[in-house]
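The residues making up each chain are set out below.
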Amino acid sequence: MTIGILREPAFETRVSLLPEATATLTKRGITVFTEQAAGEKAFSSDEEYIKFGAQIRSRDEVIQAADIILSIHPPADGTINSKILIGIYQPLFAAPVMYEFAQRRNTLFSLDMLPRTTRAQSMDVLSSQSNIAGYKAVLHASNIYSRYFPMFMTAAGSIAPAKVLILGAGVAGLQAIATAKRLGAVVEVFDTRPAVKEEVMSLGAKFVEVEGAADASKAGGYAVEQTEEFLQKQKARIAESIAKADIVITTAQIPGKKAPLLVTEEMIVQMRKGSVIIDIAAATGGNTAFTKNNETIVKDGITIVGNSALAASMPSDASKLYGKNVLNFLQLIISKEGNLNLNWEDDLVKGSCITHNGEIVHELVKALMS
Ligand code: NAD
């Protein structure tokens, strides 16, 4: 069995497996081929990969020889046939790309589609990467913000604590709450899932409830789309909180759908000058009226950062955690003897498989194509 690690596209800093992690595979007799300079931006040299038992090869050689190819983003080579691929391919936003992989008879596993069950937690790439995003969102905001986060009472006068508003208390939102609280801010939180209220409060933040949210109990823990009536009611309530907020971190997402627009133009222009918005949902449309993905905009003294790739700003830790997720997933599909063992009865194997046997096999992605 040979596993290949590809170098990611130019905009990415992370790598699927760091050198230390490859040792787990080579110790089991699995050959690991790493593309030249694959770990460079995550501060891991080719020499380190060699030290831990991997072999450095050209991209073509990796693609040719590997039974399993690891790459965070879908490889755009167009030359990959009859391989197993593992990454974060966002198939609900890239169904035609998935179709191409299917046509080339690749078996593709997208770890962002793993069911969010207890057994899947150790492979949950959305959690490991969102956790970083929530942490970095607050640090990034604190850097741009021209005032203090904590409260100070000094001989030179008093400083009030920063008011942070967090929209969406999933993995990123909860980490953003914890980080903002550690910096001494006062935190308010909105989410449509009442289940998160206790977690929010246990982190020391205020949970703002808006009644009438759509029932998401059958959506595997995710949010569902809300009625226009609810969104209007929610916006009115958010407007009250935003008028007092210095920092807004927006993380609200609905799998496979455009992110809900929660912060309108009118709300933003009413904010105090110098305030900062970090929109983590930027890649799926953003939660604010001004969000532009991968751009920072200043509107009437308010800075709006659209960045869904904050995990990539910590490439070393992000790759370490991602790699551990991947190793845990590999254990599901490789036997103790080091052979491929695809158990289609396993809900995690089935749930994350997008293409197999020349077809798109994931029901949600299939539905998108038809
Ligand atoms: P996400 O990134 O899909 O969304 C972020 C948050 O935005 C969610 O909390 C969502 O409820 C919220 N949201 C959506 N629309 C909103 C709106 N209109 N207004 C306000 N908030 C809105 O979420 P995620 O971090 O991927 O977590 C999704 C679920 O998965 C959660 O229930 C989480 O607890 C669960 N989870 C399970 C596991 C596991 O057991 N393996 C691991 C991590 C997360």
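Definitions and limits used
- Within each chain, residue numbers correspond to sequence positions counted from 1 in written order.
- A pLDDT threshold of at least 70 governs which residues receive local features in this predicted model, and a stricter bar of 80 or more applies before side-chain atom pairs are shown or counted, although totals over entire chains, interfaces and linings include all residues.
- The basis for every side-chain value is the complete set of heavy atoms in the structure, and neither hydrogens nor water enter the calculation.
- Domain limits in this description derive from either an automatic procedure or a database domain assignment.
- Two residues qualify as a contact provided that any one of their heavy atoms is within 4.5 Å of a heavy atom in the partner residue.
- Note: buried area is the sum, over both parts, of the accessible area (probe 1.4 Å) each one loses when the two are combined.
- Just to be clear on terms, a salt bridge is a Lys or Arg side-chain nitrogen sitting within 4 Å of an Asp or Glu carboxyl oxygen.
- Labels follow the DSSP assignment, with helices taken as runs of H or I lasting at least four residues and strands as runs of E lasting at least two, numbered in each case from the N terminus.
- The cut-offs for exposure are 20% and 50% of the maximum accessible area for each residue type, with area from a 1.4 Å probe on protein chains only; residues under the lower value are buried, those over the upper are exposed, and the others partly exposed.
- Criterion used throughout: strands pair if DSSP finds at least two bridges between them.
- Helix axes use the C-alpha atoms of the stretch in contact, all axes being lines fitted to C-alpha atoms, and the angles between their N-to-C directions lie in the range 0 to 180 degrees.

## Comments concerning the domain arrangement of the protein
Link 1 in the chain: With domains assigned, the protein is organised as domain 1 (2-113 + 315-361) and domain 2 (127-313).
Link 2 in the chain: Put simply, the middle of domain 1 and the middle of domain 2, counted by C-alpha atoms, are 33 Å apart.
Link 3 in the chain: Of the residues lining the interface, 11 residues belong to domain 1; the matching set on domain 2 comes to 10 residues.
Link 4 in the chain: Summed over both partners, the interface of domain 1 with domain 2 buries about 780 Å², with 61% contributed by carbon and sulfur atoms.

## A few points about the pattern of salt bridges
Link 1 in the chain: Scanning the entire structure with this criterion turns up 14 salt bridges.
Link 2 in the chain: Salt-bridge contacts for Glu-40 lead to Arg-7; the nearest nitrogen and oxygen are separated by 3.5 Å. Residue Glu-40 is located in the loop between β2 (31-35) and α2 (46-51), and its partner Arg-7 is located in the loop between β1 (2-5) and α1 (19-26); the two are separated by 33 residues in the primary sequence.
Link 3 in the chain: The partly exposed category is assigned to Arg-7, whose relative accessible area is 32%.
Link 4 in the chain: Taking the shortest distance from any N to any O, the salt bridge between Glu-240 and Arg-237 comes out at 3.3 Å. A residue pair is termed a helical-turn pair when its members lie 3 or 4 positions apart in one helix, as Glu-240 and Arg-237 do in helix α8 (residues 228-242) at 3 residues.

## Describing the sheet that holds strand β12 (residues 247-250)
Strands belonging to one sheet form pairs held by backbone hydrogen bonds; the direction of such a pair is parallel or antiparallel.
Link 1 in the chain: Within the open sheet, the 7 strands sit side by side as β11-β10-β9-β12-β13-β15-β14. Their pairing is mixed. A strand with exactly one partner marks an edge of an open sheet, and here the two such strands are β11 (206-208) and β14 (295-299). Averaged over all pairs of adjacent strands, the angle between their axes in this sheet comes to 15°, without regard to strand direction.
Link 2 in the chain: In this structure, strand β9 (residues 163-167) lies alongside strand β10 (residues 186-190), joined through 5 bridges in parallel fashion. Of the residues in β10, the one forming a bridge with Leu-167 is Phe-190.
Link 3 in the chain: The strands touched by α8 are β9, β10, β11 and β12; relative to β10, the strand with the most contacts, the crossing angle is about 170°.

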